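The chain contents come next:
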Amino acid sequence: MTFINKALPLVLIFTSNFFLFLLSTTSNFFLSLFCSLAVAFFVYMVMKSCIEVIAELNNRFVDYEVLHLFATKSFKSLASRRNLLSLLEEVYKVPNARSEAQLKMKRIVRGMLCKKILKAEERNLSSATKLSSPLTKLAFTLLEKLDFIDEVSLRALVTSLRDLSFSLHLNAKKLRELIAVEKLKYKVLQIASSMTLGFVIKTFFAFARFSSTNLVSNALIFASFALLSITIFTVFTCIIQLRYPSLKDLALCFAIFIIVILMPPYEWA
Amino acid sequence: MSSEFAVILSSALIAMFSVLFVRQLRELEKRSFVTEPNPLLFKLIPMMHHTYRNRVSSFIALTRLDNACRVLPQQLRLLARKLSLGRDVEPATFNLLFLNVGLSDPLVQDEWKANDLLFREAMKDLRKKLFTTNVRNIITLALTGIIIAPVIVTISALFHQKEAIELLPIVTSLFYGIALQVIIVVLKRYALILV
């Protein structure tokens, strides 16, 4: 349901731009409407899949953090707790549940303790506890299924888990940092591109006014093409950066494009 | 080419690119995010060594874990079956990595030596795949290309208006298709560092 809600506004914007573009190209209303509706369905499919993949990848990052938190806390508690059950109890007693990963880790450990002590599944297991990363899932399943583990092996297991989760967490963190650094750069590039498109179309409009009337309709075609291009690059840039396509970015780019066209001097060129 | 024909063709192209993209995405999700052997998974091997001490049982214990995890590479499952059940695995299905590390007959060979070789090979593979990923360059190329392309297309189309206007719907659909393919390339790179 969430995916539908997130995909719908984008599909509506894309379809309306596409309809405008087709209508300016052919001036056949019914053909434009039919083609736009058909395209809307396919674009909806694409957006829905993209949003699903973004959600999946972001869940993976949280899962790596969960594993990392669990392994680090367990490693720290190894000195005082020497069997798996008491180690899990110690990890569960982490005082503050500030982040999403910390909350998730606490819920998972609580579920494991329920299974190990009460031999029963926890009833209030929410969907937020569901792990997306197969490796994290495997690590927790392994811990859940271990009935007996001696002190030396427990130490080795926790150390290995910590090493493993450290490299995973580091990779995910590096990728997130890289995306965050690039984000600003590409936002500026998006705005610059929208401005350039606006400037090109404005110049063309100015030339068109002084020449034949046919050029004005051509200018409208180019303007709607530019609007459609802005929609495509804004939406897909967000997807590459593992963010949900933002309507705010889209509105900003559209606004800049339109402002550059409408901005004085009107008698320019 | 009439404008009606160009409009229909561009819609058909967008539909085709969308279907292709969704199929590629499903394939990528199925292979890279869930079942395909990811080099980082081989880090599990030393972890199981520590846990179970006995090296053969570490593989077998891995295969007895929840099947829904679907995390084990097929080769590891086959190796575990071969080690636990004897020689009932067909040699034809037993290929790839293990043949390279001298595990043609693991029951005869020294298990410790075989596992060390396996681990070393896996680590080599891990290093090769992870450090040649080059995510930054791919993102830079992909994003810059997607953002700059419309400006170049618009300017060049303005110089040849008559021909360009008829072709513009097709150019739009091609731009859409290329953007989708670029997304797939970047997601494939992301998949390399995810397990």
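Residues numbered from 1 in each chain as written. Chains lettered and ligands numbered in written order. Predicted model: local features only at pLDDT ≥ 70, side-chain atom pairs only at ≥ 80, totals over all residues.

**Quick word on the overall build of chain B**
Right, on to step 1. When helices and strands are counted, chain B shows eight helices and zero strands.
Right, on to step 2. The order of helices and strands in chain B, counted from the N terminus, is α-α-α-α-α-α-α-α.
Right, on to step 3. Buried positions account for 30% of the 195 residues belonging to chain B.
Right, on to step 4. For chain B, contacts bridging at least 24 residues in sequence account for 66% of all contacts bridging at least 6. (Helix = DSSP H or I, 4+ residues; strand = E, 2+ residues; numbered from the N terminus. Buried ≥ 20, exposed ≤ 12 C-beta atoms within 10 Å, placed from the backbone. Contact = placed C-beta atoms within 7 Å.)

**Brief notes about the overall build of chain A**
Right, on to step 1. When helices and strands are tallied, chain A shows eight helices and zero strands.
Right, on to step 2. For chain A, the α and β elements follow one another from N to C terminus as α-α-α-α-α-α-α-α.
Right, on to step 3. In chain A, buried positions account for 40% of the 269 residues.
Right, on to step 4. Partitioning the contacts of chain A with sequence separation of at least 6, the portion at a separation of at least 24 is 68%.

**Some remarks on the packing of helix α2 (residues 29-77) of chain A against helix α4 (residues 100-118) of chain A**
Residue and element names in this part refer to chain A.
Right, on to step 1. At a minimum axis separation of 9 Å, α2 and α4 run at an interaxial angle of 65 degrees. In the crossing of α2 with α4, the sense of the turn from one axis to the other is right-handed. Residues Val 62, Glu 65, Val 66, Leu 69 and Phe 70 of α2 pack against Glu 100, Ala 101, Gln 102, Lys 104, Met 105 and Ile 108 of α4.
Right, on to step 2. Classifying every residue of the contact of α2 with α4 gives seven nonpolar, one polar and three charged. (Axes fitted to C-alpha atoms, helices over the stretch in contact; angles between N-to-C directions. Left-handed = near helix turned anticlockwise from the far one by under 90°. Nonpolar A, V, L, I, M, F, W, Y, C, P; charged D, E, K, R; others polar.)

**Things to note about unusual backbone geometry**
All names here are of chain A.
Right, on to step 1. One non-glycine residue, Leu 242, lies in the positive phi region at around 55 degrees.
Right, on to step 2. With respect to the element layout, Leu 242 can be found in the loop between α7 (214-240) and α8 (247-262).
Right, on to step 3. Residue Leu 242 is classed as partly exposed on the basis of its C-beta count, with 18 C-beta atoms lying within 10 Å.

**Re the confidence of the model for chain B**
Residue and element names in this part refer to chain B.
Right, on to step 1. Here chain B averages 67 in pLDDT, while 44% of its residues score no lower than 70.
Right, on to step 2. Counted against residues more than four places away or in other chains, residues 34-40, with its pLDDT under 50, gives 17 contacts.
Right, on to step 3. In the model, residues 85-109 has pLDDT below 50 throughout and makes 27 contacts with residues more than four positions away in sequence or in other chains.
Right, on to step 4. Here the complex is predicted with pTM 0.76, and the ipTM for its interfaces comes to 0.84. (pLDDT = per-residue confidence, 0-100.)

**Considering the interface of chain A and chain B**
Right, on to step 1. Each partner contributes to the interface: chain A provides 60 residues, whereas chain B provides 58 residues.
Right, on to step 2. For the side of chain A that touches chain B, the elements supplying multiple residues, two or more each, are α1 (2-26), α2, α5 (134-145), α6 (151-210) and α7 of chain A.
Right, on to step 3. For the side of chain A that touches chain B, a count of residues per class yields 39 nonpolar, 16 polar and five charged.

**A short note on the nonpolar core**
Right, on to step 1. Membership of the largest hydrophobic core comes to 64 residues, with the highest contact counts inside it found for Ala 226 and Phe 236 of chain A together with Ile 183 of chain B.
Right, on to step 2. Of all elements in the fold, only α1, α2, α6, α7 and α8 of chain A together with α1 (3-35), α7 (135-159) and α8 (161-192) of chain B reach the threshold of two or more residues within this core.
Right, on to step 3. A total of 16 residues in this core trace back to one element, the largest contributor, which is α7 of chain A.
Right, on to step 4. Not counting residues up to four positions away in its chain, the partners in contact with Ala 226 of chain A are Leu 197, Ile 201 and Phe 257 of chain A together with Pro 150 and Thr 154 of chain B.
Right, on to step 5. Core analysis: the next-biggest nonpolar cluster, separate from the first, contains 32 residues, Ala 71, Leu 88, Ala 101 and Leu 164 of chain A among them. (Core = buried A, V, L, I, M, F, W, Y, C linked by C-beta atoms within 7 Å.)

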